[in-house]
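Descriptive analysis of the structure
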Amino acid sequence: MERFPRDVVLDILSRLPVTTLAQSKSVCRSWRSIIQGSVLVDKHLSRMSEPENDPCIIFKSPPPILDHYYFVDFAAYSERHKRLKSFWVSTMHGKLVASSNGLLCFCSSSAIHICNPLIRDSVELPKLSSDPAELGILGFGFSPTTKEYKVLDIIYQRQRLRSDSHLAQFQSKVRIFTLGDSQWRSLGMAPYQFIARQSQVTVCGRLHWISQPGEDLMKDRIISFDLTAEQFQAVPLADHETLNRRFFELVALRGHLCVAASNASCGLDIWVMKEYNVKVSWVKEFIVGGYLPKELRSTNGGIPFFKSDFSAVCSFKGRKILLKLWRKDLVLYDPVHEKFEDPMFEGALQWHEMVVHVDSLVSI
């Protein structure tokens, strides 16, 4: 390797899978130094995060199997390579919260862990004091401005019902932890109440959630948290009938904030915000039509699901979309040819949780 210029070596190594690089650290001291160096770590992450690359997905097995995960790299996905890779992570049987630049965040009743499972690096965060009556929402992401990874904890303490409202009132408390610090910091109160069942979506260095509808159902539906400024802000929605409905889901597709909403024909419309935080940039880019085709119904007990039973997970270079059924089954949908495919992963159990993931050498 010493015969080649350093920039050529770095370019070659940045194209290799993380698992291969992790094994190569044992070859010699000079290889270990290069692979663990910040230059290769940043270059590899930048290449893996390019929008033209297809993502990885990490799946968690359902109980009674604990702390066991599968992962598939869709960039290498083909008819000959459909087997999931498996790995084990000791996370106190925690819930898989989010993925950011190759780091995973897990939360259990007793601890919060951050880990990079492919290079076996992990850390347990300082304990948080909480009351069993409190409802908690966690967020995890990366600030591209400060180059910091942060965990956001929002808890709600149920208050007495207001006499003039049918909606329950909650007192909120917001705390944040920056990886590398020794303690959590208080950010006061959250000005919004979020729907806990909705997973976070991270775009442009901001975490996003759907807010709990208030008396004005259309006000402040999508809320962002800027990981640099550490502030909440409402994200504008397009003025369209589909988006003015009470229920929709958030998803990040190819680096864009998107909304998946049921349409009048029991299908799914996917709206993409082409320019972040610009209201007029929302475009209806994908339409998933009526019913699940007959050839896929057998995988779901013969039940003809409506598309409202689907949620979007991610999209690929060929414009195919990975969709998740409410029973945790997955299908690939081709909106150009209006066709469905069953991914048929070998060695897979039914999965319990999943996140879109980018392989990286980032250590904690």
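The chain has the name F-box domain-containing protein in an unreviewed UniProt entry, where Hibiscus sabdariffa is given as its organism.

1. Considering the packing of helix 3 (residues 29-36) against helix 4 (residues 38-48)
Where helix 3 contacts helix 4, the two axes come as close as 4 Å, and the packing angle between them is 50°. Classed by the angle they form, the pair helix 3 and helix 4 counts as oblique. Here I34, I35 and Q36 of helix 3 come into contact with helix 4, specifically with S38, L40 and V41. Looking at side-chain class alone, the contact of helix 3 with helix 4 contains four nonpolar, two polar and no charged residues.

2. What about helix 4?
Three or more residues of helix 4 are buried, namely L40, V41, H44, L45 and R47. Along helix 4, the residues classed as buried sweep out an arc of 160° about the axis, all on the same side. The inward-facing, buried residues of helix 4 abut helix 1 (6-13), helix 2 (18-24) and helix 3.

3. Comments concerning the sheet that holds strand 19 (residues 282-288)
Read across the open sheet, the four strands follow the order 16-17-18-19; overall the sheet is antiparallel. Each edge of the sheet is formed by a strand with only one pairing partner; in this case those strands are strand 16 (249-253) and strand 19. Across the sheet, the axes of successive neighbouring strands diverge by a mean angle of 30°, strand direction being ignored.

4. With respect to the packing of aromatic side chains
Evaluated as defined, the whole model comprises seven aromatic pairs. Between F177 and W184 the ring centres are 5.5 Å apart and the planes differ by 45°, which places this aromatic pair in the tilted class. Classification of F177 by relative accessible area gives buried; the value is 3%. For W184, a relative accessible area of 13% gives the class buried. Ring plane angle 35° and centroid distance 5.9 Å describe the contact between F194 and F232, whose orientation is recorded as tilted. Taken together, the residues F194 in the loop between strand 11 (185-188) and strand 12 (201-203) and F232 in strand 15 (residues 231-235) connect sequence positions 38 residues apart. Accessibility classification places F194 together with F232 in one group, the buried group. In textbook terms, an aromatic cluster arises when at least three aromatic residues are bridged by ring pairs, as seen for F194, W209, F225 and F232.

5. Some thoughts on the pairing of strand 4 (residues 95-100)
Each regular strand carries side chains that alternate between the two faces of the sheet. Where burial is concerned, most of strand 4 is hidden: five out of the six residues are buried. Linking strand 4 to strand 5 (residues 103-107), which pair antiparallel, is a turn of two residues; within it N101 sits at a positive phi near 55°.

6. Some remarks on the sheet that holds strand 24 (residues 353-357)
A sheet is described by the order of its strands in space; here four strands give the open sequence 3-2-1-24, paired in antiparallel fashion. Strands at the two margins of the open sheet, each flanked by one partner only, are strand 3 (85-88) and strand 24. The sheet shows a mean angle of 25° between the axes of neighbouring strands, direction not considered. Inspection of the sheet shows strand 1 (residues 56-60) paired to strand 24 by five bridges, in the antiparallel sense.

7. Focus on the state of the cysteines
Taken as a whole and assessed by the stated rule, the structure comprises zero disulfides. C107 carries a free sulfur, and the closest cysteine sulfur to it, the one in C105, is 7.0 Å from it.

8. A few points about the pattern of salt bridges
On inspection of all chains with the given rule, the structure shows 12 salt bridges. A salt bridge links K150 to E148; its shortest N-O distance comes to 3.8 Å. You can call E148 partly exposed: its relative accessible area is 30%. When salt bridges with common partners are traced through the structure, they connect E148, K150, R185 and E230 into a single cluster.

Reading the values: the criteria
Residues numbered from 1 in each chain as written. Predicted model: local features only at pLDDT ≥ 70, side-chain atom pairs only at ≥ 80, totals over all residues. Heavy atoms only, no water. Axes fitted to C-alpha atoms, helices over the stretch in contact; angles between N-to-C directions. Helix = DSSP H or I, 4+ residues; strand = E, 2+ residues; numbered from the N terminus. Parallel < 35°, antiparallel > 145°, perpendicular 65-115°, else oblique. Contact = heavy atoms within 4.5 Å. Nonpolar A, V, L, I, M, F, W, Y, C, P; charged D, E, K, R; others polar. Buried < 20%, exposed > 50% of the residue type's maximum accessible area, 1.4 Å probe, protein only. Arc of directions from axis to C-beta. Pairing = 2+ DSSP bridges. Phe/Tyr/Trp six-rings, centres within 6.5 Å; stacked < 30°, edge-to-face > 60°. Disulfide = S-S within 2.5 Å. Salt bridge = Lys/Arg side-chain N within 4 Å of Asp/Glu carboxyl O.

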